[in-house]
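Residue-level listing of the chains:
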Amino acid sequence: MSSQSFTIGDKVVYPNHGVGVIEQISSRTIGPNIEKFYLLKIKASSLKVMVPFNNVASVGLRRVVRNGEITKILDFLMDGKADSNQDWKCRFKENSDKMRTGSLLEVAVVLKSLLSLNQSKPLSFREKKMLERARYLLVSELAMAKNCEDDQIEEMLDKALHKAKLRFPEASSIEA
């Protein structure tokens, strides 16, 4: 992955934490070296994260998705089946790895496979939490990318998933 450069005000994604905005670019002297950092504020938690320039690729910091990627994600959610490993531990590890990649399409893969699995059997507590996390990451990034409200994105995702005969569980069943 090539080193991306960002400017103040850029909307970025910090994998598994969600969308944020580059608030500042600063330098610090660490020993004999001068390190440059991006300071970003994560939208949902107001968490501030400092990412060294030379770690941008390794942490997976990237720009918010564009329209072409959004179309791919919606097409994926609309069509066909979702595969998931039958063994709980393997499935959880595979899904965790996908969530950490920083790819919104991989997050959509996790979301779709967990929704599909949820139709045939109840999800474990940890998988319910992962489903909610995947939903949140998708909704928040797509809302930022399309510059609209979260509920509009939720509706768009509901329609896409409906075509694949999937739906989000009711909020009460997630928290149970």
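Before any of the text, the structure's been laid out above.
Residues numbered from 1 in each chain as written. Predicted model: local features only at pLDDT ≥ 70, side-chain atom pairs only at ≥ 80, totals over all residues. Heavy atoms only, no water.

Draft legend 1. The arrangement of the pairing of strand 2 (residues 18–30) in detail. In the sheet, strand 1 (residues 11–14) pairs with strand 2 via four bridges, with the strands oriented antiparallel. Bridged to Lys11 within strand 2 is Val21. A loop of three residues connects strand 1 with strand 2, the two strands running antiparallel in sequence, and Asn16 in this loop sits at a positive phi of about 65°. In terms of strand pairing, strand 2 meets strand 3 (residues 33–42) through ten bridges, oriented antiparallel. Among the inter-strand pairings, Ser27 is bridged to a residue of strand 3, identified as Lys36. The antiparallel pairing of strand 2 with strand 3 creates a hairpin that spans two residues between the two strands, and Gly31 there sits at a positive phi of about 60°. (Pairing = 2+ DSSP bridges. Helix = DSSP H or I, 4+ residues; strand = E, 2+ residues; numbered from the N terminus.)

Draft legend 2. Representation of unusual backbone geometry within the structure. Its identity as a non-glycine residue notwithstanding, Ser46 has a phi of 60°, on the positive side. Tracing the backbone shows Ser46 in the loop between strand 3 and strand 4 (48–52). One non-glycine residue, Lys165, adopts positive backbone phi at about 60°. With respect to the element layout, Lys165 can be found in the loop between helix 6 (150–163) and helix 7 (171–175). When its relative accessible area of 68% is taken as the criterion, Lys165 is described as exposed. (Buried < 20%, exposed > 50% of the residue type's maximum accessible area, 1.4 Å probe, protein only.)

Draft legend 3. Summary view of the nonpolar core. Residues Leu77, Leu111, Leu138, Leu142 and Leu157 are the most contacted members of the largest nonpolar core, which totals 31 residues. Secondary structure elements with two or more residues in this core: helix 2 (67–78), helix 3 (88–100), helix 4 (104–120), helix 5 (125–146) and helix 6. Excluding anything up to four places from it in sequence, Leu111 contacts Leu77, Leu131, Ala134, Arg135, Leu138, Leu161 and Phe168. Judged by nonpolar contacts, the second largest core, of eleven residues, contains Tyr38, Val49, Val56 and Leu61. (Core = buried A, V, L, I, M, F, W, Y, C linked by side-chain atoms within 4.5 Å. Contact = heavy atoms within 4.5 Å.)

Draft legend 4. Spotlight on the side chain of Arg135. Tracing the sequence through the fold places Arg135 in helix 5. Classification of Arg135 by relative accessible area gives buried; the value is 15%. The contacts of Arg135, once residues within four sequence positions are left out, are Leu111, Glu154, Phe168 and Pro169.

Draft legend 5. Quick look at the packing of aromatic side chains. Within this structure, the stated rule accounts for three aromatic pairs. Judged by centre distance (5.4 Å) and plane angle (75°), the rings of Phe6 and Tyr38 are edge-to-face. With Phe6 in the segment before strand 1 and Tyr38 in strand 3, this pair connects stretches of sequence that are 32 residues apart. For Phe6, a relative accessible area of 4% corresponds to the buried category. (Phe/Tyr/Trp six-rings, centres within 6.5 Å; stacked < 30°, edge-to-face > 60°.)

Draft legend 6. How the structure looks around the packing of helix 2 against helix 6. Closest axis-to-axis distance for the helix 2/helix 6 pair is 6 Å, and the angle between their directions is 40°. Judged on the interaxial angle alone, helix 6 and helix 2 are oblique. Counted together, Leu74, Leu77 and Met78 of helix 2 and Met156, Leu157, Ala160, Leu161 and Lys163 of helix 6 form the full contact between these two elements. Residue composition of the contact of helix 2 with helix 6, by class: seven nonpolar, no polar and one charged. (Axes fitted to C-alpha atoms, helices over the stretch in contact; angles between N-to-C directions. Parallel < 35°, antiparallel > 145°, perpendicular 65-115°, else oblique. Nonpolar A, V, L, I, M, F, W, Y, C, P; charged D, E, K, R; others polar.)

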